[in-house]
Amino acid sequence: MDNIQVFMRIRPLSEDEYRRDRTAESAVRILADNMVSIPSQRSENFTFDYVGDENCPQHEVFEAVGRRAVDQCMQGYNGTIFAYGQTGSGKTFTMQGARDEFTGPDDELRGLIPRCFECLFERIAEEEARTNGRVKYLCRASYIEIYNETIYDLLDPLTRTCAMREDIKRGVFIDNVTEETVQDPNEAYDVFVRGTTNRHVSATSMNRESSRSHSVLMLVIQSLTQMDSGLTEIRESRFNLVDLAGSERQKLANTSGLRLKEAANINKSLSTLGNVINSLVDISNGKSRHVNYRDSKLTFLLRDSLGGNSVTFIIANVSPAMCNDIETASTLRFAQRAKMIRNKAVVNQDMQGNVAQLQAEIQKLKSQLAQLKHTPSDGRSPPTADSVMSNDTIKPESPSAKEHRTTQFLLILAMRKLRESERQKSRYAEIIFELKDSIDRRKRQLQQQKLVHKLKSAEIAALRRNASIGYVTSAENAALREEITALQSALSAQPDASDLLIENLQLHEELEFCMENQTALSDLPARSDAVVALESLINTKANSVDLQSVFPIIPDDNVYAGLEDKIKQAKHDITDLELQRDKLEFQLSSIEEDWMCVSSGAHKLADAAGDEQVAAIVESTLDCIVGDQARDTWTSISSLYTRSF
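Asker: So what's going on with the overall build of the protein chain? Which residues, and what values?
Answerer: Secondary structure assignment for the protein chain yields 19 helices and 19 strands. Relative to its 645 residues, the protein chain shows a buried fraction of 33%. When contacts within the protein chain are restricted to residue pairs at least 6 apart in sequence, long-range pairs at least 24 apart make up 68% of them. A total accessible area of about 40400 Å² is found for the protein chain, and carbon and sulfur atoms account for 53% of it.

Dropping the structure here:
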């Protein structure tokens, strides 16, 4: 098991950071070739596999990380390169380079990705030439991004989203993702550039081209080797080039709205990555932990790269600015924890061939083994199985012993592959049975859906028949819309028309009301005798007594005086009731205060420590109590405590 390899890189100080700090001093101090510290944070020393300062060129990063990863992938191991760090720390520059367009191998600023393409296909050409065409290579490339915890295919922007699947043999993979075959570095980089143009990028206060998503460029490298026995050796390795979105603080990045939501999702996924690494570190130290890979799409997709079957490299990009020393220390702590993780990388190889070929190979190896046992060379005794499998039994080994050991190894390998083919056959039989059962269930579901479809179709047809009577054609609908538009334009041309219409309606209502009143008056009978008498009295200037005799409904002064006396009496009664209410409220508050004093005194007596303290509490509480009932109750309570002491 090998630990994750960590490379730390410090980018140069930017002009904005220089103006903000007003100093060119670096926050990161390099103590040795692989050791750094941050004095401003009073942090411990950090040790990595390699440390690159501000003047570290791109080719040095590639030689320390990229070439080693490509060599491992050519041998059949899975490989992964992470670029981790805060926003604006140089992750995209390290992975991609300084320019958006690939200018060829003479570009000194090209990043890890184009250099890995060049090295990979150079190694493939050398291997094919060395084996005279017996080894064939096939490379497939796919490019995805994880934006707001959703996976997008960058090579097919029309596809909305992609889903992750898990398989026993393939592991975790992206379903229906676009895979393109690449045969040289230019084709591979063309795939990378096309995907990069579809990636979510925006400007913040800390980075003009801030990546708002995690991008993963996945290369599948397959090799087929034809052996003399007719068998085929297949090796398949996966090479992941990961450019993580940078963690950021809202205070420094000044993000809001959609950018703030993106930053929240980025920080959440990076926090999950940190939790996964902490759990893996605990497991490496012998503790039992559950690793929550599924809490984030990023950690679940790259599960093999973290504690699994992969050779993993992490590039920790940091800023030298004093204003970013907190984020720099956090990045270095993350990288140092990740360095403690142990992966279990194995060569992904398989042997293919039919059963007849495997059996023939077994018989051939058995005959060779028997021949070697009965025909010893150089007068030596026939080698045993232990001597064949050990490198230290015969020194130096004779050619026959080497051939014997090779034959025995091939025999064991062939028998192992034969047993593996039988197990695969039984497993395939189980899979076929499960598929048949699944097909039967799908057929039943399809029949049910067809029945539901028929019922829905009949219901829709009935609704259409019922609605055909009041159905309005599209031509009529268009004509009505044109008429409404014309009326709206006419109304907007005369803005006072609505006011005039309202006024006209009001006048019509008043006119109708007046006509109804006039009709009612015309229907009244002749004036009564009271009206005639009233007119005569008014004309003769009669006194109030005569008017009261004619109209008895008008009260005299005595009635008014009686009503005023009753009103005064009622006001007086209301005043008395208010005084009584205030008195009762005062008594109630006094009683509440007395009982609060009793309760407080009882709590104090419970905590009292002697007779003098009890007497003081009894006396002070008794002075606060006003009501007789409360005083009696307090006397009884205090007597109990007095006797106890």
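Continuing now.
Asker: How would you summarise the sheet that holds strand 4 (residues 35-37) if you had to cite specific residues and measurements?
Answerer: Reading across the sheet, the 3 strands line up as 3-4-5 and stay open at both edges, with antiparallel pairing between neighbours. Edge positions in the sheet fall to strand 3 (29-32) and strand 5 (46-47), since each has one partner strand and no second.

Asker: I'd love a proper account of the packing of helix 2 (residues 58-74) against helix 4 (residues 112-130), names of residues and values included.
Answerer: Packing of helix 2 against helix 4 leaves a shortest axis separation of 9 Å and a crossing angle of 45°. The orientation of helix 2 with respect to helix 4, classified from their angle, is oblique. In this structure, helix 2 crosses over helix 4, and the sense of that crossing is right-handed. On helix 4, the residues touching Gln-58, His-59, Val-61, Phe-62, Gly-66, Arg-67, Val-70, Asp-71 and Met-74 of helix 2 are Leu-112, Arg-115, Cys-116, Cys-119, Leu-120, Arg-123 and Ile-124.

Asker: Hey, could you go over the side chain of Gln-222 for me, with residue numbers and the actual values?
Answerer: Tracing the backbone shows Gln-222 in strand 15 (residues 214-226). Here the side chain of Gln-222 touches Arg-140 through a polar contact of 3.3 Å, side chain to side chain. Within the structure, Gln-222 has its side chain in polar contact with the side chain of Glu-236 (distance 2.7 Å). Not counting the four nearest positions on each side in its chain, Gln-222 is found in contact with Lys-136, Tyr-137, Leu-138, Arg-140, Arg-235 and Glu-236.

Asker: Would you mind going over the pattern of salt bridges in detail, with residue names and values included?
Answerer: Counted according to the given criterion, the structure contains 14 salt bridges. With its nearest N and O atoms 2.5 Å apart, the salt bridge here joins Arg-123 to Asp-71. Of this pair, Arg-123 sits in helix 4 while Asp-71 sits in helix 2, placing them 52 residues apart in sequence. Among the residues examined, Arg-123 registers a relative accessible area of 25% and is labelled partly exposed. In this structure, Arg-289 engages Asp-282 in a salt bridge whose closest nitrogen and oxygen atoms are separated by 3.3 Å. What makes Arg-289 partly exposed here is its relative accessible area of 43%. The network of salt bridges with shared partners includes Glu-166, Arg-294 and Arg-303.

Asker: Summarise the packing of helix 4 against helix 5 (residues 185-197); cite the residues concerned and give the values.
Answerer: In a pair of packed helices, the angle between the axes and the distance between the axes together describe the arrangement. For the pair helix 4 and helix 5, interaxial distance at closest approach is 9 Å and the crossing angle is 150°. It follows from the interaxial angle that helix 4 and helix 5 lie roughly antiparallel. At the point where helix 4 passes helix 5, the crossing takes the right-handed sense. For the pair helix 4 and helix 5, the contacting residues are Ile-113, Pro-114, Phe-117, Glu-118 and Phe-121 in the first and Pro-185, Ala-188, Tyr-189 and Phe-192 in the second. Looking at the contact of helix 4 with helix 5 residue by residue, the classes come out as 8 nonpolar, no polar and 1 charged.

Asker: Lay out a nonpolar patch on the surface with the relevant residues and their values.
Answerer: On the surface, a cluster of nonpolar side chains totalling about 270 Å² of accessible area is made up of Tyr-428, Ile-431 and Leu-435. Assignment of secondary structure puts Tyr-428 in helix 12 (residues 399-467).

Asker: Residue-level account of unusual backbone geometry, with values.
Answerer: Positive phi is not limited to glycine here, since Glu-149 has a value of about 60°. Counting through the fold element by element, Glu-149 comes out in the loop between strand 8 (135-147) and strand 9 (150-153). Its identity is not glycine, yet Asn-176 carries a phi of approximately 60°, on the positive side. Considering the arrangement of structural elements, one finds Asn-176 in the loop between strand 11 (171-175) and strand 12 (180-182).

Asker: Please set out the pairing of strand 3 residue by residue, giving values where relevant.
Answerer: Pairing geometry for strand 3 and strand 4, over 3 bridges, is antiparallel. Bridged to Ile-30 within strand 4 is Val-36. Joining the antiparallel neighbours strand 3 and strand 4 is a turn of 2 residues.

Asker: Could you give an account of the side chain of Gln-96, naming the residues involved and the relevant values?
Answerer: Here Gln-96 shows up in the loop between helix 3 (91-95) and helix 4. What Gln-96 contacts, discounting residues up to four positions off in sequence, is Arg-110, Gly-111, Pro-114, Tyr-189, Phe-192 and Thr-196.

Asker: Go over the packing of aromatic side chains with me, naming the residues and quoting the values.
Answerer: All told, the structure shown has 5 aromatic pairs when counted by the stated rule. Centre to centre, the rings of Phe-7 and Tyr-50 are 4.9 Å apart; their planes meet at 10°, and the pair counts as stacked. Note that Phe-7 is positioned in strand 2 (residues 5-10) and Tyr-50 in strand 6 (residues 50-52), a separation of 43 residues in sequence. Classification of Phe-7 as buried rests on a relative accessible area of 3%.

Asker: Just give me the short version of the confidence of the model for the protein chain, but keep the residues and values in it.
Answerer: With 77% of its residues at a pLDDT of at least 70, the protein chain reaches an overall mean of 77. Element-level mean pLDDT values for the protein chain span from 44 in helix 11 (residues 385-389) up to 93 in strand 17 (residues 311-318). This stretch, residues 382-395, has a pLDDT under 50; its non-local contacts, to residues over four places away or in other chains, come to 16 contacts.

Asker: Describe the nonpolar core, naming the residues involved and giving the relevant values.
Answerer: Formed by 48 residues in total, the largest nonpolar core has its most connected members in Met-8 and Phe-48. Among the elements that take part in this core, helix 7 (residues 258-284) stands out by supplying 7 residues, more than any other. Look past the residues within four positions of Met-8 in its chain and what remains in contact with it is Val-28, Val-36, Phe-48, Tyr-50, Val-51, Gly-52, Ala-316, Val-318 and Leu-332. In terms of nonpolar packing, the next biggest core, distinct from the first, is built from 41 residues, Ala-69, Ile-113, Val-182 and Leu-217 among them.

Asker: Explain helix 5 residue by residue, including any values.
Answerer: In a regular helix each residue adds 1.5 Å, so 13 residues correspond to 18 Å; helix 5 covers 18 Å between its end C-alpha atoms and thus fits that length. Every buried residue belonging to helix 5 is among Ala-188, Tyr-189, Val-191, Phe-192 and Gly-195, and all of these are buried. Looking straight down helix 5, one finds that the buried residues subtend no more than 150° of arc, so they occupy a single side. Turned more than 90 degrees off the buried face of helix 5, the exposed positions are Asn-186 and Thr-197. Measuring from the side-chain oxygen of the N-cap residue of helix 5 to the backbone nitrogen of Asn-186 gives 3.0 Å; that N-cap residue is Asp-184.

Calculation notes
Each chain carries its own residue numbering, running from 1 in the written order of its sequence. For a predicted model such as this one, the threshold for reporting local features is a pLDDT of at least 70, and the threshold for listing and counting side-chain atom pairs is 80 or more; totals across whole chains, interfaces and linings nevertheless cover every residue. Only heavy atoms go into the side-chain values, all of them from the structure, while hydrogens and water stay out. The way it works is that DSSP assigns letters per residue, a run of H or I at least four long becomes a helix, a run of E at least two long becomes a strand, and they are numbered from the N terminus. For every residue, the accessible area (1.4 Å probe, protein chains only) is compared with the maximum for its type, and the residue is labelled buried under 20%, exposed over 50%, or partly exposed between those bounds. Residue contacts are counted whenever heavy atoms from the two residues lie within 4.5 Å of one another. Each accessible area value is a Shrake-Rupley result obtained with a 1.4 Å probe; residue values ignore everything except the protein chains displayed when judging cover. Being paired, for any two strands, means DSSP has found at least two bridges between them. For every element, the axis is a line fit to its C-alpha atoms; helices are fit only across the contacting stretch, and the angle between N-to-C directions ranges from 0 to 180 degrees. With respect to orientation, any angle under 35 degrees is reported as roughly parallel, any angle over 145 as roughly antiparallel, any angle of 65 to 115 as roughly perpendicular, and every other angle as oblique. In this scheme the crossing of two helices becomes right-handed for a clockwise turn of the near helix relative to the far one and left-handed for an anticlockwise turn of less than a right angle. Whenever a nitrogen or oxygen atom comes within 3.5 Å of another N or O atom, the pair is scored as a polar contact, on the condition that within protein one atom can donate a hydrogen and the other can accept it, and that pairs from neighbouring residues in sequence are kept only if both atoms are in side chains. Whenever Lys or Arg places a side-chain nitrogen within 4 Å of a carboxyl oxygen from Asp or Glu, that contact is recorded as a salt bridge. Under the convention adopted here, Pro, Cys and the residues Ala, Val, Leu, Ile, Met, Phe, Trp and Tyr are nonpolar, Asp, Glu, Lys and Arg are charged, and Gly plus all remaining residues are polar. A patch is a set of surface residues, each over 30% in relative accessible area and not in a salt bridge, joined within 9 Å for like charges and within 5 Å for the nonpolar side chains Val, Leu, Ile, Met, Phe, Trp and Tyr. The aromatic pairing rule takes the rings of Phe, Tyr and Trp, using the six-membered ring of Trp, and pairs them if the centres are within 6.5 Å, calling planes under 30 degrees apart stacked, those over 60 edge-to-face and the rest tilted. Confidence scores labelled pLDDT are given residue by residue by the predictor and lie between 0 and 100. Definition used in this section: a nonpolar core is a set of buried Ala, Val, Leu, Ile, Met, Phe, Trp, Tyr and Cys residues joined via side-chain atoms within 4.5 Å. By this rule, a helix spans an expected 1.5 Å times one less than how many residues it contains. Each C-beta atom gives one direction from the helix axis, and the arc is the one those directions make.

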